[in-house]
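Understanding the architecture of this molecule
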Amino acid sequence: MNKFIKLLLLITIFNVLSIQPALAKTVYYDTYNHWAASNIDFASNTLKVFKGYGDFTFRPENNITRAEFITILAKTAYGQKQMNEIYTSDMSYNDMSDKHWAYTFVISMYERLKSNKDYSFYDIFRGSDFYPDRPITREESTALLAVFSNDAIYDNNLNFKDVNANNKYYNEIKRLYNSGIISGYEDGTFKGSNNITRAEAAALINRVYQDIKTSDSSRYLNKIEFMPIKGEDMYSYFQTYDWSNATADDRKFIKAKDTLEFVLFGGYIFPEDAHLYDLNAVETMAALRSNGYYNIVGTNFYMITFGKYSDEEKSIFADELLANIIERDDLKDSELMQIFTVVSKYDVKEDLYMGALEKWYNLTTNINAKANILFYRYTYYIKNNNKEMLRTLVFDDLKKSNDIPSLLNIKWDLAAGSELVDFRDYSFGKYSYSLYKDTNFLRYTSGINSLNKNLRVVELVNLLMIEKAEKPPTLGLIEHEGIFSKYSLNRLYVLNFIGEFERAFVEGVNDYDIIKTFNVYRTSKSSIDDTYIGILKKVKK
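All values derive from a computational prediction rather than experimental measurement.

**Concerning the nonpolar core**
Within the largest apolar cluster, 100 residues are counted, with the highest numbers of intra-cluster contacts made by Ile 325, Ile 339, Phe 340, Tyr 353 and Tyr 378. Examining the composition of this core, we find that ten residues originate from one element, helix α15 (residues 367-383), more than from any other. By size, the runner-up hydrophobic cluster in this structure holds 61 residues, among which are Tyr 103, Tyr 110, Tyr 119 and Ile 205.

Rendered as structure tokens:
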């Protein structure tokens, strides 16, 4: 690196550290353009588990010691609640005592490995001495990382020339390799006795952190997601009013609605302005409803949203509101989004809910609205735990093979059990994997991986998946990538909800490959990777 670049970086560091200490970021001048620069930055500034040297260097090609590696791994595990910090232990190495700077991190790791059924801390670091300042090897670091890494999505066999099934860490190396946490060398070897550098350690920590994060199943498939509709975030009148021709009841409704909206968004009603507002707006809505005011959608929506009624009472209001939707032709997509967002929380009659959805479907020409109607139909049966109906609906949707126009051509006459549902029927659909219903196919087809080592393999309970060298085209989905992205997540949610985990995995891994071809993936790669890897881990039972 030339002197000018060094000077420029030092000036930048000085400015960051001296002018805005609260926003200070650690910068190392010797990681500029380094292959692990982003990993080093993440480990230092996001995870905050790495520190550089006093001269603003990181020294990425230096070996990392056993004590240093265990320290950064322990700090990462603490942050993800994967390990507790321990202060006393029965660990007995001649060269380790509470005087050593890394003692608490080492004994914490030692205690964590007591719960590991396959090997202990002593199995990794044999002998009467620990040698904390000895460089840690690839094999030793792999054994430690594997304690925090869960099952991988893929099940490829290992192809390292120097690692066979007799290796004491064979399963751990295979799992970490399939998870993308470790890799081999270009000559096809693993070289477990090689030391690892500080740069490599930063990359490993970043990857195991992501692996831990995506293994938290509670973060994925928790809700149905919807397409955006312009205006859905604004409170509506649910009617077109002309103030000059408004009736007395119309004026009461408008004033009450405006008051509720004004106060909700932080407005304060000064005493001298009280006459401009309705200080009993909910009561006004209730009185209008009781007196038969025609805008039932409007009065009931605001009574449900702002009124202090029981859920049973709100369910009655919601049923009345849905019945009014069926009778009307003037409601906008944005208004209907607001309505269904609210009424979906309550126990309403199926015929009214589905009737109102169908009325909306027949009125709209907006494909985002049609997609949301499909999703609200899922929502109703999920809330009511009607898994048989969900099985019928989602299987019918699966048969449309991701064709969005066909998918949005909703069948309203489907009933639970109205058709044969077999989630192991993969005869329809364009999959990026070859699917074999006998998982023993892999065992009996020796050398399948040798045909193409880049092909990914997955073994499920009843199914073997082998990646196709040539993927099906996805051009037909590009114009509908927003709807497909939401539909994919919602379909996976339903499949997981009804317990069809194997089908969810197949569809999920296929959807993931499709979405990687979309424009949205280029701008949101990290978020999408996180989501789909987490989902696939959750449903791979």
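Back to the write-up after that little detour.
**Examining the pattern of salt bridges**
The full count for this structure, using the stated rule, is 31 salt bridges. When the shortest N-O distance is used, the salt bridge between Asp 118 and Lys 117 registers 3.9 Å. Where Lys 525 meets Asp 529, a salt bridge forms, and the shortest distance between an N and an O atom there is 2.8 Å. Taken together, the residues Lys 525 and Asp 529, both in helix α24 (residues 525-539) and four residues apart, mark about one turn of the helix. Owing to a relative accessible area of 44%, Lys 525 belongs among the partly exposed residues under this scheme. Residue class for Asp 529 comes out buried when judged on its relative accessible area of 11%. Counted as one network, the salt bridges with shared partners bring together Arg 456, Glu 467, Lys 471 and Asp 513.

**Observations concerning the packing of aromatic side chains**
Two numbers describe a pair of aromatic rings. These are the distance of the centres and the angle of the planes. One pass over the structure, following the stated rule, counts 46 aromatic pairs. Pairing Tyr 241 with Phe 253 gives two aromatic rings, centres 5.8 Å apart and planes at 35 degrees, and the pair type is tilted. On the criterion of sequence distance, the pair formed by Tyr 241 in the loop between α8 (198-214) and α9 (248-264) and Phe 253 in helix α9 is long-range, its members being twelve residues apart. Relative accessible area serves as the criterion here: at 19%, Tyr 241 is assigned to the buried category. With 5.7 Å between their ring centres and 80 degrees between their planes, Phe 395 and Phe 428 make a pair best called edge-to-face. Here Phe 395 is found in helix α16 (residues 387-398), whereas its partner Phe 428 is found in the loop between α17 (404-407) and β1 (433-436), with 33 residues between them in sequence. Among the residues examined, Phe 395 registers a relative accessible area of 2% and is labelled buried. Residue Phe 428 is classed as buried on the basis of its relative accessible area, which comes to 14%. The ring of Trp 243 has Arg 251 sitting right over it, with the charged end atom 4.4 Å from the ring centre. Over the aromatic face of Phe 501 sits the side chain of Lys 541, whose NZ or CZ is 4.7 Å from the ring centroid.

**Looking at the side chain of Asp 278**
Counting through the fold element by element, Asp 278 comes out in the loop between α9 and α10 (281-290). Although Asp 278 is buried, it makes no salt bridge; Lys 255 carries the closest opposite charge, 6.8 Å away. A distance of 2.5 Å separates polar atoms of two side chains, one belonging to Asp 278 and the other to Thr 284. Ignoring sequence-local partners within four residues, the contact set of Asp 278 consists of Lys 255, Ala 256, Thr 259 and Thr 284.

**Regarding helix α6 (residues 138-146)**
Within α6, eight of the nine residues are buried, leaving the element largely enclosed by the surrounding structure. The set of residues buried in α6 consists of Arg 138, Glu 140, Ser 141, Thr 142, Ala 143, Leu 144, Leu 145 and Ala 146. Tucked inside the fold, the buried residues of α6 contact α3 (66-79), α4 (103-112), α5 (121-124), α7 (170-178) and α8.

**A closer look at the packing of α9 against helix α11 (residues 296-306)**
Where α9 contacts α11, the axes come no closer than 11 Å and their chain directions differ by 30 degrees. By the angle class used here, α9 and α11 are roughly parallel. Our pair here, α9 against α11, has a crossing hand that is left-handed. Where α9 approaches α11, its residues Phe 253, Lys 257, Leu 260 and Leu 264 are matched on the opposing element by Gly 298, Thr 299, Tyr 302 and Phe 306. Class assignment of the residues belonging to the contact of α9 with α11 gives a composition of five nonpolar, two polar and one charged.

**Focus: helix α2 (residues 37-46)**
Where α2 is concerned, the buried positions are Asn 39, Ile 40, Phe 42, Ala 43, Ser 44 and Asn 45. In this fold, the buried residues of α2 make contact with α8. One or two steps after α2, the chain reaches Lys 48, where phi turns positive at roughly 55 degrees.

**Description of the packing of α15 against helix α21 (residues 481-497)**
Following both chains from N to C, one finds α15 and α21 inclined at 10 degrees, their axes separated by 11 Å at the closest point. As judged from the angle between their axes, α15 and α21 are roughly parallel. Of the residues in α21, those touching α15 at Ile 367, Asn 368, Ala 371, Leu 374, Phe 375, Tyr 378 and Ile 382 are Ile 483, Lys 486, Tyr 487, Asn 490, Tyr 493, Val 494 and Phe 497. Taken together, the residues of the contact of α15 with α21 sort by class into eleven nonpolar, two polar and one charged.

**Quick notes on the pairing of strand β3 (residues 464-467)**
A two-sided burial pattern is seen for β3, the buried positions comprising Leu 464 and Ile 466 on one face and Met 465 and Glu 467 on the other. Here β1 pairs with β3 via four bridges, running antiparallel. Bridge pairing links Ser 434 to Ile 466 in β3. Both strand β2 (residues 457-459) and β3 contribute to a ladder of three bridges, which runs antiparallel. In the sheet register, Val 458 faces β3, and the bridge partner there is Met 465. Between β2 and β3, which pair antiparallel and follow one another directly, the connecting turn spans four residues.

**Some remarks on the sheet that holds β2**
A sheet is described by the order of its strands in space; here three strands give the open sequence β1-β3-β2, paired in antiparallel fashion. Among the strands making up the open sheet, the edge pair consists of β1 and β2. Direction aside, the axes of adjacent strands within the sheet are offset by 15 degrees on average. Sheet contacts for helix α22 (residues 501-515): β1, β2 and β3; angle to β3, the most-contacted strand, approximately 10 degrees.

Analysis parameters
- Residues numbered from 1 in each chain as written.
- Predicted model: local features only at pLDDT ≥ 70, side-chain atom pairs only at ≥ 80, totals over all residues.
- Heavy atoms only, no water.
- Core = buried A, V, L, I, M, F, W, Y, C linked by side-chain atoms within 4.5 Å.
- Buried < 20%, exposed > 50% of the residue type's maximum accessible area, 1.4 Å probe, protein only.
- Helix = DSSP H or I, 4+ residues; strand = E, 2+ residues; numbered from the N terminus.
- Salt bridge = Lys/Arg side-chain N within 4 Å of Asp/Glu carboxyl O.
- Phe/Tyr/Trp six-rings, centres within 6.5 Å; stacked < 30°, edge-to-face > 60°.
- Lys NZ or Arg CZ within 6 Å of the ring centre and 35° of its normal.
- Lys, Arg positive; Asp, Glu negative; His and termini not counted.
- Polar contact = N/O pair within 3.5 Å; in protein donor to acceptor, adjacent residues only side chain to side chain.
- Contact = heavy atoms within 4.5 Å.
- Axes fitted to C-alpha atoms, helices over the stretch in contact; angles between N-to-C directions.
- Parallel < 35°, antiparallel > 145°, perpendicular 65-115°, else oblique.
- Left-handed = near helix turned anticlockwise from the far one by under 90°.
- Nonpolar A, V, L, I, M, F, W, Y, C, P; charged D, E, K, R; others polar.
- Pairing = 2+ DSSP bridges.

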